[in-house]
Every structure is written in C-alpha cells, then in structure tokens.
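Listed here are the chains, written in short residue letters.
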Amino acid sequence: MTPRTDVCQKCEDLRQEVASARSEDEKLEASQSFADHVKQARLERDFYRKTTENAIEELAGAQRPEAPVTPCGTEFKSVHYTFDFAQQLSVPSRARQVGPLYFKTPRKIQWFGVVNEALPEQVNFLIDENESVEEDGKSCHNPNIVISLLHHYFEKYGFGEREAYLNADNCGGQNKNQFLLGYLAWRTMCGLHESLYYHFMKVGHTRCLVDGMFGLGRQKYRRHDCDTVYDVARVVAKSSSANVSCCYRTRPELEPNWKWRDWKTFLRCNFRAMPSIRKYQHFRFTCNEPGFVFAKESVQSEEQKVRILKRASPTWFDSEMLPVHLPEAGLSAKRQWYLYRQIRQHVSVPNRDLVCPLPDIPDTPS
C-alpha cells in the first residue's frame, strides 16, 4: 500500500467496519454506509467542479479591472474563489539542510492563498512572524486574519462581480464560524456583492486547486535557499505562472499592503452565531434578504432560512465604516533574543540584521 496524506477519517472508519464485519447482514450494512458516504462526497465534489466550470466559461477572455476594484462594477455572476492556509514555512531555509538548524525554531512565515479557478491565478499572502496581530505570530489563523485578507483580496484582485462562489475547508476556527458568515452577510448588506455562495466539501475530501498551487510553491521552496520572507515570495512566484506573491510589506521600510482589522468585535456586535453550523455545507447570502443566511446540509438538501443579524442592528451598512485597525504585535523579548542567539548564525551575512537583529530590549529570564 502506498503512503497517502489527508485521508478521510470517516472512510478509514467505514473501511475498518467492512473488514471486521462477520455476518452477511453486517457486511451489507457496513458496505452500504461506505457507499453512501462516498456518494455524498462525490456529489459535493461534482458541485465544486460544476461551479468552477461555470466560472471558467464566464471569465473566458475577461480582463481583471484595475485596482481598487469597483464593487459590482461588472456583470459577472459565476466567479469562483477558494481560500486556505498552507502549512507554515520558516526562514532561514536551505536546500541542503544544516543539521543543527533542524532542531531549532527558525523565523515562521504564514502562507494564505486565494485562488480564482477560472484564470487560474492564486494570490499567496506571506506573513512574517512579527507582522501578525498577536505576539510571536500566535493565532495567525483566527477570523480577524482570514477576513482581513479576504477583504483586501476582493478590493485589489477581485473582478467586481455581482455574485461569487467561495469554497473553503471545514476548519471551524478559521472558515466555518459566525464571523465568516457575518462578514459575507455584511458584504451583501452594504452593496459589495449582490449574492454570495459559500460552500464546503466533505471533511477529508477537500483537495482542490489551492492545494495544488501550494504544492508547486513548496516544491520550489525546498530546492532554494531562503533567508527572508521576500526570498520566499520570489520563490513561490517563480514556482508557477499562476502563482502571485504578496507580502505584508513590499520592503521593511514601506507601509503595509493591507491593514489588519478587528472584524471579530465588529461582527459579534451585529451578527449572532448560527445554531448547529457544523452540520451545514452550503450557505447563501443575498441583498434581497439582508441579515439572513440560507443554509443546506448537502447539495441536495432543502434550504433553511436563518436570521443571523441581531434585532438591534441595522439592515444596511456603510462599506466605508470599517472595523478598527489592529497593529502588528511584533516579537516578544524572549523570541527576539532566541532568534539572535540561535538562528542568526544560520542566516547569510547580508540578511542577518533583517532576520535576526540585535534586540534593543533586555532579555527576559527563562
């Protein structure tokens, strides 16, 4: 048996049930359960394929509007996006791994990708450890990060479409939660989209184009020496003509390319959590029903209308009234001194003061 990754746990459990069944009835029941699960996963996969095919057909020959993109400035209604985090990278990184570096904790780089399947083109947002909203890059996958990146993507890289389809995996902390649903409802309530469709494939069956683009970037990364986040950006961009890199800052001395915002506090004040959100796979939002989400448990299920807008909240929002800005938290004294003492020696000399500079704050006792 060849080794595999991202195997569906449900499939493995059902496989074991089939193998351990003794009577004919048990074998038939277990086999039927396995077949039903695979059939449902295939239906969700077919929906994903159909929506991407529609997007490819609609955007054939289309040119992206110049940034900043005007919301609902085009007539497109089938644009399809998928977004996800890749496994974090680290710098310095060497094609020929230095033994001692393997046992240390280099500087961490978070990698978030949004792919437009119709082009295809993936924008890869690369975030250095000191650029996150929590110290030492902690909790970098929280909804404030995800929504801030999506909002920036729509403003700079979107097509000004009236309706869009979004696909993500089933991770509750970053994708399937009240804040993402609230944000998508908010976009339709302030005229940034007329309708939005947010869908998920079955857990363990979520492989899609964004994973393939991550794979190309990681292959290139493993074959090149990288000292800084800017080296990583160049390598990822060279991995495929469809991969575009975007760092938080183009250079250390420049202003950020986007702003982190406190979307969680803003959305929590206006939108409530949706009951039993984990069991739903499809969510639809429309400007004709502000504050409501139409949810389905599967592609074949009936829609259920659920109000997520709080009673005291308005049914229209101003898109210019955005949540408060969250500054970068930087690195703790302990982390700065660790990088200086343990990692600096592994960085090429020209980049040492950029990646692991001498800290200007006292070291904290262990």
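A few points on the structure. Numbers given to residues run from 1 along each chain, matching the order in which its sequence is written. Whole-chain, interface and lining totals are the exception, using all residues; otherwise, since this is a predicted model, local features are given only for residues with pLDDT of at least 70 and side-chain atom pairs are given and counted only at 80 or more. Derived side-chain values reflect all non-hydrogen atoms in the structure, with water molecules and hydrogen atoms excluded from consideration.

### A look at the packing of helix 4 (residues 143–157) against helix 8 (residues 263–270)
Rules: To get an axis, a line is fitted to the C-alpha atoms, and for a helix only the part in contact is used. The angle between two axes follows their N-to-C directions and goes from 0 to 180 degrees. Runs of E in the DSSP output that reach at least two residues are strands. Runs of H or I that reach at least four are helices, and both are numbered from the N terminus. Under this scheme an angle from 65 to 115 degrees is roughly perpendicular, one under 35 degrees roughly parallel, and one over 145 degrees roughly antiparallel; angles in between are oblique. Throughout, a contact is declared for two residues whenever any of their heavy atoms are within 4.5 Å. Asp, Glu, Lys and Arg are counted as charged, while Ala, Val, Leu, Ile, Met, Phe, Trp, Tyr, Cys and Pro are counted as nonpolar; the rest, among them Gly, fall into the polar class.
The geometry of helix 4 relative to helix 8 is characterised by a closest axis approach of 8 Å and an angle of 95 degrees between their N-to-C directions. With respect to their mutual orientation, helix 4 and helix 8 come out roughly perpendicular. Across from Pro 143, Asn 144, Ile 147, Ser 148 and His 151 in helix 4, the residues of helix 8 making contact are Trp 263, Lys 264 and Leu 267. The residue inventory of the contact of helix 4 with helix 8, partitioned by class, reads four nonpolar, three polar and one charged.

### Quick look at the packing of aromatic side chains
Formally: Only Phe, Tyr and Trp rings are paired, with Trp represented by its six-membered ring, and only when their centres lie within 6.5 Å; those with planes under 30 degrees apart are stacked, over 60 edge-to-face, the remainder tilted. Throughout this description, buried means an accessible area under 20% of the type-specific maximum (1.4 Å probe, protein chains only), exposed means over 50%, and partly exposed covers the range between. For a lysine, the NZ atom is tested; for an arginine, the CZ atom; a charge sits over a ring if that atom is within 6 Å of the ring centre and within 35 degrees of the ring normal.
All chains considered together, the criterion is met by 29 aromatic pairs. Here the aromatic rings of Tyr 198 and Phe 283 are separated by 6.4 Å at their centres, their planes lie at 40 degrees, and the arrangement is tilted. Of this pair, Tyr 198 sits in strand 6 (residues 195–200) while Phe 283 sits in strand 9 (residues 282–286), and the two are 85 residues apart along the sequence. On the basis of relative accessibility, which here comes to 2%, the residue Tyr 198 falls in the buried class. Ring plane angle 80 degrees and centroid distance 5.7 Å describe the contact between Trp 258 and Trp 260, whose orientation is recorded as edge-to-face. Given the relative accessible area of 3%, Trp 258 is considered buried. Trp 260 sits in the buried class, given a relative accessible area of 1%. The aromatic ring of Phe 294 is capped on one face by Arg 284, whose charged end is 4.4 Å from the ring centroid. Its end group placed over the ring of Phe 292, Lys 305 keeps NZ or CZ at 4.5 Å from the ring centre.

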